[in-house]
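Here are the chains, one letter per residue:
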Amino acid sequence: MKYRIIGAVACICILLVSVLNYPVLLTGRMESRRYHQHREATPKAVCAVHAEGEFCTHLPLIVIDTGGAEIPGRGLVDEEDRHMGFTTTAEGADRITAQMRVMDSAEENNHPTDAPAVESDVVIHVRGNSSRYFEKAGYRLELVDENGDNNPQSLMGMDAHHEWALHGPYLDKSLMRNYMWYNIAGECMEYAPNVRFCELMLNGEYQGIYVLTELIGSGRDGARLNMEVDARDNTYTGYLLRLDRQDGSEYDRLNSLTTYSYRNEMELKLEVEFPGEKKLTPEIKEAIKTDFSAFEKGLYSYDYDSRKYGYRAQVDVDSFVDYLILNEFTTNYDAGSYSTYIYRDVSGRLKMCVWDFNNACDNYQEQTTMQVQHFDVHRKLWFNMMVKDEYFTERVIRRYRELRESWLNEKYLLRYIDEVEEYLGPAIERNFERWEDSLRDDTLLAPAERNVHSHQEAVRQLKDFIRQRGRWMDENIESLRQYSAESRVKKYSEVTD
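Residues numbered from 1 in each chain as written. Predicted model: local features only at pLDDT ≥ 70, side-chain atom pairs only at ≥ 80, totals over all residues. Heavy atoms only, no water.

What follows is about the overall build of the protein chain. For the protein chain, the helix and strand inventory stands at twelve helices and 15 strands. Burial status across the protein chain gives 52% buried among its 497 residues. Intrachain contacts of the protein chain at a sequence separation of at least 6 include 72% that bridge at least 24 residues. When the accessible surface of the protein chain is summed, it comes to about 23600 Å², and 48% of that surface belongs to carbon and sulfur atoms. (Helix = DSSP H or I, 4+ residues; strand = E, 2+ residues; numbered from the N terminus. Buried < 20%, exposed > 50% of the residue type's maximum accessible area, 1.4 Å probe, protein only. Contact = heavy atoms within 4.5 Å. Areas by Shrake-Rupley, 256 points an atom, 1.4 Å probe, with all protein chains shown as cover.)

In structure tokens, the structure reads:
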């Protein structure tokens, strides 16, 4: 009898572990993102007493004081809504220095008058592309000390960096796309940016819910990307590249194979993000160009699918597979064109990193190719060759089936949205009291009927998209095989050694 009881208890324990680790058991991969703020944060009781008008939040609170100065970087347009550049200070500077305090009590609510968990000067400017024109701005922060030197700090439990992005959800009225998909990507992939919800006070005025985001490659030696550089010896153990819009700077431009052969779109620029400007010597830049071009040459050659001479010898295939699936599932079709990050770390393999899901899940301003019934990432730079390889395409199909049983499972994703909404709680109402006009603006998305007019409607739209997109991809994922059709002439040009 004793052993039967012990056996029964053991079975119950195993069952509980199985339920709690459902996605891990299905994928066969250990969980890589171990902290989801909305799950891990300690519930907080309502404060018993407040000073009259005192702001109170269960979320971390960032307070920034610019001394009344306007933060530069907002977009300027002429009478015909054509882009004219960005705002600057009276002296022509594109950024200013301000003071930042971060209130982040684990047990109690946060108030502007609390003792800060972190306090630092920051160099700040408005960031983003189309978001620069929104009333609710996003910001880039560089933490500096009294001498103006980098001052890396751990914010809200994330790894210490001196560079951060404050994303202010405005177009995304669910408020959760970036938070949610960075965290989901962190479960699937080796690296995805860390994120935390917070609220922002700027010069004493409430600015709403923000998502504090770790910048890719920021911090010493590429931070969590595990890369190092020695400018004195012109050596490096890894590098980070970004494909994005032209920005006018030349020091970081990388004219790799796809650039000078015009395979890359003319409006885009491939640039070196790490090493940064201070350590990117001409010798290191040339070495990176040679190294990355070797990957591209193999990819665009007749031997693209050769294990020895093709792209597979250079890349972490799993990383590219997961990147394609995540951006395809969310119809995040800026991926592969804008804000596209690729890196080589100490493993020696090239890997992809996700960035910016604000427009994902049918939230792009123009309704172009965001429909549910569509595939697009396979047409993008690098991927347009990889899908010609049957090996890669089959990996995509198999991995997609795995993820639909775990991190991309419909029930899991819908429950995730409910959990985030519950965690944000009263902060949602505060945010939309501040940005009430955004709920009445039918010009944000085109055509006008795509705009939602409440947070609840935005959540329903996000859930409906996930249901429809997943079910359509379930039925059509195997159609990607058409891009791997065997060539009639390739076999006569292949290296056979």
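Anyway, onward from the coordinates.
Under the 1.5 Å per step criterion, the end-to-end length of helix 9 (residues 390–404) is 21 Å for 15 residues, consistent within 8% with the ideal 21 Å. Buried residues of helix 9: Phe 392, Thr 393, Arg 395, Val 396, Ile 397, Arg 399, Tyr 400, Leu 403 and Arg 404, and no others. The N-cap of helix 9, judged by a side-chain oxygen 3.1 Å from the amide nitrogen of Tyr 391 a few residues on, is Asp 389. (Expected span 1.5 Å × (residues − 1). Polar contact = N/O pair within 3.5 Å; in protein donor to acceptor, adjacent residues only side chain to side chain.)

Below, the discussion takes up the packing of helix 10 (residues 410–424) against helix 12 (residues 455–476). Contact pair helix 10 / helix 12: the axes reach a minimum separation of 10 Å and the direction vectors enclose 165°. Considered as vectors, helix 10 and helix 12 are oriented roughly antiparallel to each other. As helix 10 packs across helix 12, the resulting crossing turns out to be right-handed. Taken together, the residues of helix 12 that come into contact with helix 10 (itself represented by Glu 410, Leu 413, Leu 414, Ile 417, Asp 418 and Glu 421) are His 455, Val 459, Leu 462, Lys 463, Ile 466, Arg 467 and Arg 471. Across the contact of helix 10 with helix 12, the residue classes break down as six nonpolar, one polar and six charged. (Axes fitted to C-alpha atoms, helices over the stretch in contact; angles between N-to-C directions. Parallel < 35°, antiparallel > 145°, perpendicular 65-115°, else oblique. Left-handed = near helix turned anticlockwise from the far one by under 90°. Nonpolar A, V, L, I, M, F, W, Y, C, P; charged D, E, K, R; others polar.)

The topology assignment puts Thr 57 in the loop between helix 3 (37–40) and strand 1 (61–65). Judged by its relative accessible area of 2%, Thr 57 falls in the buried class. For Thr 57, the residues in contact, after removing those within four places along its chain, are Asn 109, Asn 110, Glu 199 and Arg 430.

All chains considered together, the criterion is met by 38 salt bridges. The shortest N-O distance in the salt bridge between Arg 39 and Glu 419 comes to 3.2 Å. Taken together, the residues span a long stretch of sequence, with Arg 39 in helix 3 and Glu 419 in helix 10 at a distance of 380 residues. For the salt bridge of Asp 437 with Arg 440, the shortest nitrogen-to-oxygen distance reads 2.5 Å. For Asp 437, a relative accessible area of 43% gives the class partly exposed. Here the salt bridges do not stand alone but share partners, grouping Arg 242, Asp 244, Arg 245, Asp 247, Asp 252, Lys 269, Glu 271 and Glu 273 into one network. (Salt bridge = Lys/Arg side-chain N within 4 Å of Asp/Glu carboxyl O.)

Turning to the side chain of Asn 451, a few remarks are in order. Secondary-structure assignment places Asn 451 in the loop between helix 11 (426–434) and helix 12. Of note is the side chain of Asn 451, whose polar atom sits 2.8 Å from the backbone oxygen of Leu 445. Contact partners of Asn 451, with chain neighbours within four places excluded, come to Asp 441, Asp 442, Thr 443, Leu 444, Leu 445 and Glu 457.

Our focus in this paragraph is the sheet that holds strand 6 (residues 138–144). Strand order in the closed barrel made by the seven strands is 1-4-5-6-7-9-8, with mixed pairing throughout. The sheet shows a mean angle of 40° between the axes of neighbouring strands, direction not considered. In terms of strand pairing, strand 1 meets strand 4 (residues 96–103) through five bridges, oriented antiparallel. Paired with Ile 62 across the strands is Val 102, a residue of strand 4. Its contacts with the sheet place helix 4 (residues 177–188) against strand 7 (163–167), strand 8 (195–202) and strand 9 (205–214), and it is angled at close to 155° to strand 8. (Pairing = 2+ DSSP bridges.)

Now for the packing of aromatic side chains. Counted according to the given criterion, the structure contains 19 aromatic pairs. Plain terms: the ring middles of Tyr 412 and Tyr 416 are 6.1 Å apart, the flat faces sit at 50° to each other, and that makes the pair tilted. With Tyr 412 and Tyr 416 both in helix 10 and four residues apart, the pair spans about one turn of that helix. Considered together, Tyr 412 and Tyr 416 belong to a single accessibility category, that of buried residues. (Phe/Tyr/Trp six-rings, centres within 6.5 Å; stacked < 30°, edge-to-face > 60°.)

Once that is clear, we can look at empty space enclosed by the protein. Within the structure shown, the criterion is met by one cavity of 30 Å³ or more. The volume enclosed by the largest cavity comes to roughly 100 Å³. Looking at the largest cavity, it is lined by 13 residues, and the ones nearest its centre are Leu 171, Asn 363, Leu 445, Val 452 and Gln 461. (1 Å grid on protein atoms, 1.4 Å probe; cavity = no way out; pocket = protein on both sides within 12 Å on 5 of 7 lines; lining within 4 Å. Points joined across faces, edges and corners; volume = space filled by probe spheres on them.)

Quick look at the layout of surface pockets now. The calculated volume of the second largest pocket comes to roughly 580 Å³. Lining the second largest pocket are 27 residues, and of these Ala 41, Thr 42, Lys 44, His 58 and Tyr 423 sit closest to its centre. Counting only elements with at least two residues in the lining of the second largest pocket, the list comes to helix 3, helix 10 and helix 11.

Further remarks concern the pairing of strand 3 (residues 83–86). Regular strands show a simple pattern: their side chains alternate between the two faces of the sheet. Examined bridge by bridge, strand 2 (residues 75–77) and strand 3 share three bridges and lie antiparallel to one another. From the neighbouring strand, Gly 75 faces strand 3, where its bridge partner is Phe 86.

Right, let's talk about the nonpolar core for a bit. Counting 100 residues, the largest nonpolar core has Trp 181, Ile 184, Phe 197, Phe 292 and Phe 392 as the members making the most contacts within it. Those residues in contact with Ile 184 that lie beyond four places of it in its chain are Leu 326, Trp 407, Leu 408, Tyr 412, Leu 413 and Tyr 416. Core analysis: the next-biggest nonpolar cluster, separate from the first, contains 25 residues, Ala 98, Leu 141, Leu 143 and Leu 166 among them. (Core = buried A, V, L, I, M, F, W, Y, C linked by side-chain atoms within 4.5 Å.)

The next thing to look at is the environment of Tyr 483. Tracing the sequence through the fold places Tyr 483 in the segment after helix 12. The exposure class of Tyr 483 is partly exposed, given its relative accessible area of 32%. Sequence separation between Tyr 483 and Lys 388 is 95 residues; the distance between their C-alpha atoms is 5.4 Å. Residues within four places of Tyr 483 in sequence aside, it is in contact with His 378, Val 387 and Lys 388. At 3.2 Å, the side chain of Tyr 483 and the side chain of His 378 are in polar contact.

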